[in-house]
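A structural walkthrough
Letter by letter, the chains look like this.
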Amino acid sequence: MNLKPCTESVLDRFKRYVQIDTQSEEDSRSYPSTEKQWVLLKMLAGELRSLGVEDADVDKYGYVTGAIPSNMPDDSDIPTIGFIAHVDTSPAITGKNVKPVVHPDYQGGDIVLPGDPTQIISADEYPNLEKQYIGMDIVTSDGTTLLGADDKAGVAEIMTAVETFMRNPDVKHGEIKIAFTPDEEIGQGTKYFDVKKFAADFAYTMDGGPLGEIEFETFNAFLARICIQGVGVHPGYAKGKLVNAIRILADIVTRLPKGMSPETTEEREGYLHPYDFDGQSEEAAVKVLIRDFEMDGIEQKKAILGKIVEEVRALYPKAAIDLDIEEQYLNMSYPIEREPRLLEYAREAIRRAGAEPHTKVIRGGTDGARLTYMGLLTPNLFAGGEAFHSKIEWVPVQVMEKAVETIVHLAAVWAEKR
Ligand SMILES: [Zn+2]
């Protein structure tokens, strides 16, 4: 494709967006979970409008949406395609004062981050670097914060694609919908998303990893909360009376099977993952993620948790131990596989962008999983970043550029093949 260049490169956009702190926060009562996400959300709505997306707006929940009209004379049977990215960054690592650093013309070896030399991107741990990205420009943080490529790479790619559509009317496409969402990292990104109003037939999230990746299979995801009410007594008079909730919590956690954790499993294996705890001796709680690609595996893991809680209850009859399990999202592959065009056209677009498509299971959720079950089939495409949710998060500039091209080609493929 011979395209007129944009006024702002995907790299420059990306660098601007990552410097805006949009960290989301678990257990917040507001939506979006943090006030600061509004800054980028409102800015993106304004930028869409100034690029010519006339109806771009941000609603009361923070969802930014906009539409690019079809430029085909007969578009009645061209599906409307949405592109979606999330603006928030992980609560795990600070996203304040992000200083993006470009390491130009990567020539192999480890990358040491300048702001904290103990933060090193190892070429062994991230083999794509030497396998695919030699000669590319790698963007990182300075090592003291996360970068926020998850998912500001996706945001910058979609925005750059929007400008590309606007400046290149020769690129044929049906109606295109854009959405930027808050709070994906805390599993709330689609909570108030109005699929009907968005009115896309299909969508893609730009929130995946390495060049060429297509993801359409996620875990079935459940969250267990175990709350322990002990008995509080001054330690000086505690003998035979005090029941320590922290000890009970520790007892429960040590009973979780070690071979069934994220650090000991890969690919299609599920796990139980205690990831958040809170408490004092009188009262304590732990949250455990339950993950499996199959529902059988979920049921098995729920039973393991139930049995552990039963065993520990028997040991501490004076304590109250509650186990509560809620569904977070389900494996998105079943409905997506019923619409073969979704993946076929994505593969075609990636090839046209000069990359090799490959599929991978998602050991985590994306908003696409939930959207899929809300009726909007939404596979996830590569945005380019790796080492998400860490200080060594990185993304190659040229992969972001390929992602922009993929979006543009994908809209064209849908218009061509319908
Ligand atoms: Zn993400």
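Residues numbered from 1 in each chain as written. Predicted model: local features only at pLDDT ≥ 70, side-chain atom pairs only at ≥ 80, totals over all residues. Heavy atoms only, no water.

**So, the sheet that holds strand 10 (residues 213-218)**
Keep this limit in mind: In short, DSSP must find at least two bridges between two strands for them to pair. Secondary structure elements follow DSSP: runs of H or I no shorter than four residues count as helices, runs of E no shorter than two count as strands, and numbering proceeds from the N terminus. Every residue pair with non-hydrogen atoms within 4.5 Å of one another is taken to be in contact. For helices, the fitted line uses only the C-alpha atoms of the stretch in contact; every axis is such a line through C-alpha atoms, and the angle between N-to-C directions lies from 0 to 180 degrees.
With mixed pairing, eight strands are arranged side by side in an open sheet as 1-2-8-3-9-16-10-15. In this open sheet, the two strands that pair with only one neighbour each are strand 1 (57-58) and strand 15 (358-362). Here strand 9 (residues 202-208) pairs with strand 16 (residues 380-382) via three bridges, running parallel. Its bridge partner being in strand 16, M206 is matched across the sheet by L381. Its contacts with the sheet put helix 9 (residues 341-352) on strand 9, strand 10, strand 15 and strand 16, and the angle it makes with strand 10 is roughly 160°.

**Let's talk about the layout of surface pockets**
How we decide: Here a cavity is any set of points on a 1 Å grid over the protein atoms alone where a 1.4 Å probe fits but cannot get out, and a pocket is any open set with protein on both sides within 12 Å along at least 5 of 7 lines; a residue lines the site when it has an atom within 4 Å of a point. Grid points are joined across faces, edges and corners, and a volume is the space filled by probe spheres set on the points. Under this grouping Gly is polar, as are all residues other than the nonpolar Ala, Val, Leu, Ile, Met, Phe, Trp, Tyr, Cys and Pro and the charged Asp, Glu, Lys and Arg.
Here the second largest pocket is characterised by a volume of approximately 270 Å³. In terms of lining residues, the second largest pocket is bounded by 13 residues, among which C6, T160, T164, E401 and V404 are the most central. Elements supplying a minimum of two residues to the lining of the second largest pocket: helix 4 (149-167) and helix 11 (397-417). Broken down by class, the residue content of the lining of the second largest pocket amounts to six nonpolar, three polar and four charged.

**Topic: the pairing of strand 13 (residues 283-292)**
Sheet faces and side chains relate simply in a regular strand, where the side chains alternate between the two faces. Rules: Burial here depends on accessible area, computed with a 1.4 Å probe over protein chains only, as a share of the maximum for the residue type. Under 20% is buried, over 50% is exposed, and the range in between is partly exposed.
For strand 13, the buried fraction is high: eight of the 10 residues fall into the buried class. Of the strand pairs in this sheet, strand 11 (residues 220-229) and strand 13 are connected by 10 bridges, and their pairing is antiparallel. Opposite Q229, over in strand 13, you have E283 as the bridge partner. Sheet topology places strand 12 (residues 271-279) next to strand 13; eight bridges connect them, and they run antiparallel. The residue bridging D276 from the neighbouring strand is K287, located in strand 13. In sequence, strand 12 turns back onto strand 13 through a hairpin of three residues.

**Some details on the sheet that holds strand 17 (residues 394-396)**
Pairing within the open sheet is antiparallel, and its three strands lie in the order 4-7-17. The open sheet is flanked by strand 4 (101-103) and strand 17, the only strands paired with a single partner. This sheet shows a mean twist of 25° between the axes of neighbouring strands, independent of strand direction. As paired strands, strand 4 and strand 7 (residues 138-140) are joined by three bridges and run antiparallel to one another. Note on strand 7: the bridge partner recorded for V102 is V139.

**Describing the nonpolar core**
Inside soluble globular proteins, nonpolar side chains tend to come together where they are buried. We apply this condition: Nonpolar cores are built from buried Ala, Val, Leu, Ile, Met, Phe, Trp, Tyr and Cys residues. Side-chain atoms within 4.5 Å join them into one set. What fixes the domain bounds is an automatic or database domain assignment.
Counting residues in each nonpolar core, the largest one holds 87 residues, and the members touching the most others are F14, L48, F83, I158, F165, F180 and Y204. No other element matches the 11 residues that helix 11 contributes to this core. There are two domains that each give this core at least three residues, and those are domain 1 (10-218 + 331-417) and domain 2 (220-329). In contact with F180, other than residues within four places in its own chain, are L41, L44, L48, G62, Y63, V64, A85, V87, V155, I158 and M159. Counting residues in hydrophobic clusters, the runner-up holds 23 residues, among them V243, L249, M260 and I321.

**With respect to the domain arrangement of the protein chain**
Heads up, the rule is: Reported buried area values correspond to the accessible surface (1.4 Å probe) lost by two parts on association, with both partners' losses combined. Any Lys or Arg side-chain nitrogen located within 4 Å of an Asp or Glu carboxyl oxygen qualifies as a salt bridge. Side-chain atoms alone can form a polar contact between residues adjacent in sequence; in general such a contact is a pair of N or O atoms within 3.5 Å, and within protein one must be able to donate a hydrogen while the other accepts it.
When the domains of the protein chain are assigned, the result is domain 1 (10-218 + 331-417) and domain 2 (220-329). The distance between the C-alpha centroids of domain 1 and domain 2 comes to 34 Å. The partner domain 2 presents 14 residues to the 13 residues of domain 1 that form the contact. Summed over both partners, the interface of domain 1 with domain 2 comes to about 1100 Å²; 40% of that surface belongs to carbon and sulfur atoms. Of all residues in domain 1, N331, R363 and R370 bury the most surface against domain 2, accounting for 47% of the area lost on that side. Summed over the shared surface of domain 1 and domain 2, the result is two salt bridges. Across the salt bridge formed by K287 and D27, the nearest N and O atoms sit 3.2 Å from each other. Where domain 1 touches domain 2, the interface holds nine residue pairs in polar contact (both at pLDDT 80 or more). At the level of secondary structure, the elements contributing two or more residues to the side of domain 1 that touches domain 2 comprise strand 10, strand 15 and helix 10 (367-373). Within the side of domain 1 that touches domain 2, the residues separate by chemical class into four nonpolar, four polar and five charged.

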